[in-house]
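# A closer look at the structure
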There are 2 protein chains.
Amino acid sequence: MPVGLNDQEIHILGDVVSHKRRIPRGGYLHRTGIKFQSLFAIRSGFFKTCVLEEDGRQQVTGFHMTGELLGLDAISSDLHTCDAIALEDSEVCEIPFAKLEEISLVIPSLMRHFHKIMSREIVRDHGVMLLLGSMKAEERLATFLLNLSRRFLMRGYSESEFNLRMTREEIGSYLGLKLETVSRAFSKLQDEHIITVDNKRIQINDIARLRLKMGNSSCVT
Amino acid sequence: MPVGLNDQEIHILGDVVSHKRRIPRGGYLHRTGIKFQSLFAIRSGFFKTCVLEEDGRQQVTGFHMTGELLGLDAISSDLHTCDAIALEDSEVCEIPFAKLEEISLVIPSLMRHFHKIMSREIVRDHGVMLLLGSMKAEERLATFLLNLSRRFLMRGYSESEFNLRMTREEIGSYLGLKLETVSRAFSKLQDEHIITVDNKRIQINDIARLRLKMGNSSCVT
DNA sequence: AAAATAGTTTGATTCAGATCAATTCAAATC
DNA sequence: GATTTGAATTGATCTGAATCAAACTATTTT
């Protein structure tokens, strides 16, 4: 699910076209409507991306961590179509897109890799569509936690204990739920001893049962 | 919103790498899990793409018409991650992906165009996420109809009168609603004289008011 | 340390959409 | 033309999540 570059690949890119940039917690990496110049590879930190309608409706479209690539949506129109906001102090590596395309022509494997990354983003979005379109609140939260868990694991962190960088409201926006519903779903999972919640700190006690939660809407507990 | 190639571009591709294929109504263009070889440009007809979970849950991830490109999701893993099913007799042009990547290296503008198409797909998906995450039934249907309308218009058909190729259930799956809810939303829009519904035949009588429906959840009719 | 602010939890109530059920309608098939 | 089958509409009821509201906790700011 996550759109990732491995360390080595970040370096390959980094050697050729790099420009480090620090974004403090709460800062914007890019805003909707500004001109697109570069993709951004996250070197450290945590971001959310969100789109907002004219009428003020907001939707978090993703949470992004180390190794992931931001800005893919902006290629189509040369304008950023969403905001990217740091949820903790972060560092990104700027990749001028025109240069990336140039280099792709001489390093076909880079091009191929880039295509895979874009495609993976599409697959990820389809997964979110499935979640938003057909899952219940508790299933959504379980899916969300397991996804985070896996991504932390892949980065060498604990898969069973981590702390959330985002608020209940942001989780709710991403999952198509209100913050109260998110909070209740957390409490319910805790009551069933599947997870332990201490504010932002999450401990997964029974990952197998959490997985069951994800899959079976018909499973009456 | 639609991921499109213009006629000329289809021809450029068609001249170099083409293989026409006919898919009858109800036929599969590709299935989840089969090996990815080619992208498919729709020359005529109408498709739906859908993902399904192990537990049988299904979600329509898109409806696709002439000029659009199918198979982008499969690049990431070399396997198709969704089914593509023809909703009417259709014709596609097969584009072996390996060849497309090769050619991209010598026609940079083709590569650039391809990147824009992939990016547009991501933007489209974000739009659907916004819809699924924050809109009410009626708003979803209005958004859906306006999107279809625009795409028909772009292809030289009437923007105000067209017939749906998909069932209420398929619309519902795409919009995250049950078929009964879709039907009721149609009826409501008809009662308000915004559209006229005769089974699959849709006539938009007041496109401006339909647009209003899309935007304002707070608008009390 | 106190005050202010932002975020979280929990309860009570409401409501949009799901579910269940019964017709109606349309299109294949015989 | 009659029959079967799949799709659509409409009504009645139920329910999961939204909304409203209050209390509580953590984090900044002063």
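Data block above holds the structure.
Residues numbered from 1 in each chain as written. Chains lettered and ligands numbered in written order. Predicted model: local features only at pLDDT ≥ 70, side-chain atom pairs only at ≥ 80, totals over all residues. Heavy atoms only, no water.

### Some remarks on the overall build of chain A
Counting its regular elements, chain A contains 7 helices and 11 strands. Here chain A holds 221 residues, and 53% of them are scored as buried. Here chain A has roughly 9800 Å² of accessible surface; of this, 51% comes from carbon and sulfur atoms. (Helix = DSSP H or I, 4+ residues; strand = E, 2+ residues; numbered from the N terminus. Buried < 20%, exposed > 50% of the residue type's maximum accessible area, 1.4 Å probe, protein only. Areas by Shrake-Rupley, 256 points an atom, 1.4 Å probe, with all protein chains shown as cover.)

### Thoughts on the side chain of Thr61(A)
In this fold, Thr61(A) is placed in strand β5 (residues 58-65). With residues up to four places along the chain from it excluded, the contact list for Thr61(A) reads Thr49(A), Cys50(A), Val51(A), Arg124(A), Tyr174(A), His126(B) and Met129(B). (Contact = heavy atoms within 4.5 Å.)

### Thoughts on the pattern of salt bridges
All names here are of chain B. Enumeration according to the criterion identifies 30 salt bridges over all chains in this entry. Between arginine 201 and glutamate 161 there is a salt bridge, with its nearest N and O atoms 3.6 Å apart. Placement of the pair is arginine 201 in strand β9 (residues 201-204) and glutamate 161 in strand β7 (residues 161-163), with a sequence separation of 40 residues. By relative accessible area, arginine 201 is classed as partly exposed at 35%. (Salt bridge = Lys/Arg side-chain N within 4 Å of Asp/Glu carboxyl O.)

### A few points about the protein's contact with DNA strand D
Close contacts around DNA strand D come from 19 residues, with Ala137(A), Thr181(A), Arg168(B), Arg184(B) and Ser187(B) the closest. Here the atoms of DNA strand D within 4 Å of the protein split so that 66% fall in sugar or phosphate, with bases taking the remainder. One nitrogen or oxygen atom from the main chain of Lys178(A) is found 3.3 Å from a phosphate oxygen belonging to DNA strand D. One nitrogen or oxygen atom from the side chain of Arg184(B) is found 2.9 Å from a base nitrogen belonging to DNA strand D. Elements that contribute at least two residues to the surface near DNA strand D include exactly α6 (179-191) of chain A together with α6 (179-191) of chain B. (Near = heavy atom within 4 Å. Polar contact = N/O pair within 3.5 Å; in protein donor to acceptor, adjacent residues only side chain to side chain.)

### Remarks on the packing of aromatic side chains
Residue and element names in this part refer to chain A. Evaluation of the coordinates by the stated rule reveals 16 aromatic pairs over all chains. Put simply, the rings of Phe46, Phe63, Phe144 and Tyr174 pair up and form one aromatic cluster. Between arginine 31 and the ring centre of tyrosine 28, over which it is positioned, the NZ or CZ distance is 3.6 Å. (Phe/Tyr/Trp six-rings, centres within 6.5 Å; stacked < 30°, edge-to-face > 60°. Lys NZ or Arg CZ within 6 Å of the ring centre and 35° of its normal.)

### A look at the pairing of strand β11 (residues 201-204) of chain A
Residue and element names in this part refer to chain A. What you see with β11 is a clean split: Ile202 and Ile204 sit on the buried side and Arg201 and Gln203 on the side with no burial. Here 3 bridges tie strand β9 (residues 161-163) to β11, and the two strands are oriented antiparallel to one another. What sits directly across from glutamate 161, in β11, is glutamine 203. By the bridge criterion, 4 bridges tie strand β10 (residues 195-198) to β11 in an arrangement that is antiparallel. Residue pairing across strands places valine 197 opposite isoleucine 202, the latter belonging to β11. (Pairing = 2+ DSSP bridges.)

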